[in-house]
Amino acid sequence: MTAQETSAASPTKRVLAVVLFNLLVYIVIGLPNAVLAIFVHQGLGYSTTVAGITFSLQYFATFAARPSAGRLVDRIGPKPVVIGGLVTCVLSGLLIAGSGLLAATPLLSLGVLLASRLLLGWAESWAATGVIVWNIRRAGAENTAIAISWNGICSYGGIALGAPVGAKLSLLAAPYGGLVSVGILSAALPLFGLAIIGFYPAVEPLPATSKPIAFSRALRLVLPHGSALAAGSIGFGAISSFLALYYSVLHWEGAATALAVFGFIFVVIRFFFASQIAIRGGVFVAIVSLLVEALGLATLGLFQTPFAALVGAALTGAGFSLLFPALGVLAVNSAGPENRGAALGAYSIFIDLAIAFSGLFLGQVIEFAGYRTMFATTAVCCLGGVLISRSLGRRIS
């Protein structure tokens, strides 16, 4: 697409052309979701806490990479940062395959898998930050909500698509079953992105009209928005980290289906109701979203049946869907147009930390109190997010 064609296209078409790269990365993120905890806990013989840490390590890496992603996007432009994310994603996929090949040596296999998770987290940070800012520049600052919303549709749509595909690949016969086949596909998808990204015109970084904002300052600006986001992100961490293992422990079929339902409902809500953010305001949408998510997590905790698990996953996806863009529009614009990358990186840190610590903390809750208590705990966290959002609403008004 040429620059002239880009300027003539609708904002949504401009966004869709670039958000493909984020879709590829998030399919890779989704591929091991239905098999990772089972592989670590049942295949390698480690505890649920170790399984949770393995999952969460990706988000610690994403957190660590956010400042560099934001600074580089503002300094050199988003396209080179997206390319760096895709390259790192390829390396992560190769290590996933290596971990599967080394399954007979549990300690070595786990070490390779942990390295893969670190690289995947770095890839997510660079690709997602770069794509969002690239699309804000292509579509215009007035269409920030569109850029963020479509990024989320492709992000969680990619996870929803990747989870069942990864589950099917894990059933293939040796030597290419399990994580090996998942890793091969995880490397192939970002390679495809690298093959076509050269056809996309870059956008130059905005000239700085003032001294670039310190990341600590950006973090303070987005603190109230990010705190509410973190409260809701813990529920997503519970679904992503432990839903498949929850199904396995209870000897239920359909964990990948439940993860796909979560992602599908997420995408549907984001697609049809994102406009409510502009109509009703981000704070109102955030409060409703957190209440719906709390209901979904409470359903998972109270009713231990496969049907209730599906309903709970669907409600959690519906509630979590609009949370990021509802508060993100305010957060991203809080630092000025030339510092959007820094503000976006700072805001996104809260979801990274919430999911990262949820894997560690919730794994221990499961060991000591069981899955029902774990889901109930995440529902209470969402209600805490409602209180934070109400406080933010009073500050804005």
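Please read these numbers as outputs of a predicted model, since none were measured by experiment.

Draft legend 1. Up close: the overall build of the chain. Helices and strands together make up the secondary structure of the chain, namely 17 helices and zero strands. For 397 residues, the compact-globule formula gives about 21 Å, and the C-alpha radius of gyration of the chain, at 20 Å, lands near that figure. The principal-axis extents of the C-alpha atoms in the chain amount to approximately 55 × 45 × 35 Å. In the chain, buried positions account for 59% of the 397 residues. In the chain, of all internal contacts separated by at least 6 residues, the share reaching a separation of at least 24 is 84%. Carbon and sulfur atoms form 71% of the exposed surface of the chain, whose accessible area is close to 15000 Å².

Draft legend 2. Looking closely at the nonpolar core. Counting residues in each nonpolar core, the largest one holds 127 residues, and the members touching the most others are F21, L243, M374 and F375. The residues touching M374, leaving out its near neighbours within four places in the chain, are A238, F242, L362, V365 and I366.

Draft legend 3. Molecular detail of a nonpolar patch on the surface. Among the surface-exposed residues, V87, L91 and L94 lie close enough to one another that they form a single nonpolar patch of about 260 Å² accessible area. Structurally, the position occupied by V87 is in helix α5 (residues 78-101).

Draft legend 4. Inspection of the packing of aromatic side chains at higher detail. In total, this model carries 16 aromatic pairs according to the counting rule given. Their ring planes at 25 degrees and their centres at 5.7 Å tell us that F236 and F262 sit as a pair that is stacked. Linking F236 in helix α10 (residues 223-249) with F262 in helix α11 (residues 255-273), this pair joins segments that are 26 residues apart in sequence. A relative accessible area of 2% means that F236 is categorised as buried. Ring centres 4.8 Å apart and planes at 55 degrees place the aromatic pair F324 and Y347 in the tilted group. Placement of the pair is F324 in helix α15 (residues 323-332) and Y347 in helix α16 (residues 340-369), with a sequence separation of 23 residues. For the pair F324 and Y347, one class covers both residues: buried. Of the aromatic side chains, those joined through ring pairs into one cluster are Y246, Y247, W252, Y371 and F375.

Draft legend 5. Geometry of the packing of α10 against helix α13 (residues 282-302). Contact geometry for α10 and α13: axes closest at 11 Å, N-to-C directions at 30 degrees. Between α10 and α13, the angle falls in the class roughly parallel. Note on packing geometry: the crossing formed by α10 with α13 is left-handed. Facing α10, whose interface residues are A228, G232, G235, F236, I239, L243 and Y246, α13 presents L290, E293, L297 and L300.

Draft legend 6. Up close: helix α7 (residues 144-169). Between its first and last C-alpha atoms α7 spans 37 Å; for 26 residues at 1.5 Å apiece the expected length is 38 Å, and the two agree. Here α7 lies mainly inside the structure; 20 of its 26 residues are buried.

Draft legend 7. The arrangement of the state of the cysteines in detail. Evaluated as defined, the whole model comprises zero disulfides. Considering cysteine sulfurs only, C89 is the nearest to C154, which forms no disulfide, with 15 Å between them. Residue classification places C154 among the buried residues on the basis of a relative accessible area of 11%. We note that C381 lacks a disulfide partner, and the nearest cysteine sulfur, in C382, lies 7.1 Å from it. With a relative accessible area of 25%, C381 lands in the partly exposed category.

Draft legend 8. Looking closely at the confidence of the model for the chain. Mean pLDDT over the chain: 85, with 91% of residues reaching 70 or higher. Scored below 50 in pLDDT, residues 1-8 shows eight contacts in the model against residues more than four places distant or in partner chains.

Draft legend 9. Summary view of the packing of helix α6 (residues 106-139) against α7. Contact geometry for α6 and α7: axes closest at 9 Å, N-to-C directions at 145 degrees. In the crossing of α6 with α7, the sense of the turn from one axis to the other is right-handed. Judged by residue contacts, A128, V131, I132, N135 and I136 of α6 engage T144, A147, I148 and N151 from α7.

Draft legend 10. Quick peek at helix α14 (residues 306-321). The terminal C-alpha atoms of α14 lie 22 Å apart, and with 16 residues this matches the ideal 22 Å at 1.5 Å per residue to within 8%. Where α14 is concerned, the buried positions are A308, A309, G312, A313, A314, T316, G317, A318, G319, F320 and S321.

Draft legend 11. Structural context of the environment of G158. Tracing the backbone through its elements, the reader meets G158 in helix α7. The contact partners of G158, leaving out residues within four places of it in the chain, are L23, Y26, I27 and I153.

Draft legend 12. Examining unusual backbone geometry more closely. Unusually for a residue other than glycine, H251 sits at a positive phi of about 60 degrees. Here H251 shows up in the loop between α10 and α11. Overall, H251 belongs to the exposed group, its relative accessible area being 73%.

Definitions and limits used
- Residues numbered from 1 in each chain as written.
- Predicted model: local features only at pLDDT ≥ 70, side-chain atom pairs only at ≥ 80, totals over all residues.
- Heavy atoms only, no water.
- Helix = DSSP H or I, 4+ residues; strand = E, 2+ residues; numbered from the N terminus.
- Rg over C-alpha atoms; globule rule 2.2 N^0.38 Å.
- Buried < 20%, exposed > 50% of the residue type's maximum accessible area, 1.4 Å probe, protein only.
- Contact = heavy atoms within 4.5 Å.
- Areas by Shrake-Rupley, 256 points an atom, 1.4 Å probe, with all protein chains shown as cover.
- Core = buried A, V, L, I, M, F, W, Y, C linked by side-chain atoms within 4.5 Å.
- Patch = residues over 30% accessible without salt bridge, like charges linked within 9 Å, V, L, I, M, F, W, Y side chains within 5 Å.
- Salt bridge = Lys/Arg side-chain N within 4 Å of Asp/Glu carboxyl O.
- Phe/Tyr/Trp six-rings, centres within 6.5 Å; stacked < 30°, edge-to-face > 60°.
- Axes fitted to C-alpha atoms, helices over the stretch in contact; angles between N-to-C directions.
- Parallel < 35°, antiparallel > 145°, perpendicular 65-115°, else oblique.
- Left-handed = near helix turned anticlockwise from the far one by under 90°.
- Expected span 1.5 Å × (residues − 1).
- Disulfide = S-S within 2.5 Å.
- pLDDT = per-residue confidence, 0-100.

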